[in-house]
Amino acid sequence: MRYQSYAYGQNHWERDPDRRHVLAHYWPSYIAHEDELRRFDALAGKEVYEVAYRVGHDARPVLVMHDLDGNRVDRVRLSPAQEALLRELAPMNRPPYEGGSWHHHYALD
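Residues numbered from 1 in each chain as written. Predicted model: local features only at pLDDT ≥ 70, side-chain atom pairs only at ≥ 80, totals over all residues. Heavy atoms only, no water.

(A) Focus on unusual backbone geometry. Look at D74: it is not a glycine, yet its phi comes out positive at around 45 degrees. For D74, the location among the structural elements is in strand β2 (residues 72–77). (Helix = DSSP H or I, 4+ residues; strand = E, 2+ residues; numbered from the N terminus.)

Below, the structure is given as structure tokens:
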């Protein structure tokens, strides 16, 4: 294996045709969201791996406990790439019934 996963650089939507059959059975209207799911799974197949590698090796999160005046702030400083990726992955972390149905939530996981 050349990369950390056999799925690196591949669109997870294309690699998992069974998921389309499951979604067609339980959520027939998934076809209206297919472009979104394809884009999301392309992101999961490449950029997620690359950012995770970079964060793990070069840009680990930094805990900032106090500001310059000594006040307690308890924040985490993330790399810009990780912040951008977390914003793109946010739909996957929303509650299952917010902004759609549990089917949509399942399809993003």
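Structure's up, so let's keep going.
(B) Region of the structure containing the pattern of salt bridges. For the structure shown, the criterion picks out seven salt bridges. The closest approach of N and O atoms between D16 and R19, which form a salt bridge, is 3.8 Å. Overall, R19 belongs to the buried group, its relative accessible area being 8%. Each member of the salt-bridge network shares a partner with another, and the members are E14, E34, D35 and R38. (Salt bridge = Lys/Arg side-chain N within 4 Å of Asp/Glu carboxyl O. Buried < 20%, exposed > 50% of the residue type's maximum accessible area, 1.4 Å probe, protein only.)

(C) Local environment of the packing of aromatic side chains. Counted under the stated rule, the structure contains two aromatic pairs. An angle of 80 degrees between the planes, with centres 5.9 Å apart, marks the rings of Y8 and Y49 as edge-to-face. In this pair, Y8 is assigned in the segment before α1 (12–15) and Y49 in helix α4 (residues 47–57), connecting sequence segments 41 residues apart. Overall, Y49 belongs to the buried group, its relative accessible area being 18%. Where W13 meets Y30, the ring centres are 6.1 Å apart and the plane angle is 50 degrees; that geometry is what we call tilted. Note that W13 is positioned in helix α1 and Y30 in the loop between α2 (17–26) and α3 (34–45), a separation of 17 residues in sequence. (Phe/Tyr/Trp six-rings, centres within 6.5 Å; stacked < 30°, edge-to-face > 60°.)

(D) Structural view of the environment of N93. Its place among the elements puts N93 in helix α5 (residues 80–93). With relative accessibility at 59%, the residue N93 sits in the exposed group. As for N93 and H104, which are separated by eleven residues in sequence, their C-alpha atoms are 12 Å apart.

(E) Region of interest: the side chain of E34. Position of E34 relative to the elements: it lies in helix α3. Excluding anything up to four places from it in sequence, E34 contacts W13 and R20. (Contact = heavy atoms within 4.5 Å.)

(F) View of the pairing of β2. Of all the six residues making up β2, zero are buried; the element is thus mostly uncovered. Note: strand β1 (residues 62–66) against β2, four bridges, orientation antiparallel. Pairing of V62 across the sheet is with R77, part of β2. The turn joining β1 and β2, which pair antiparallel and follow one another in sequence, is formed by five residues; a positive phi near 90 degrees is taken by G70. (Pairing = 2+ DSSP bridges.)

Spatial relationships are all this shows, so hold off on functional conclusions.
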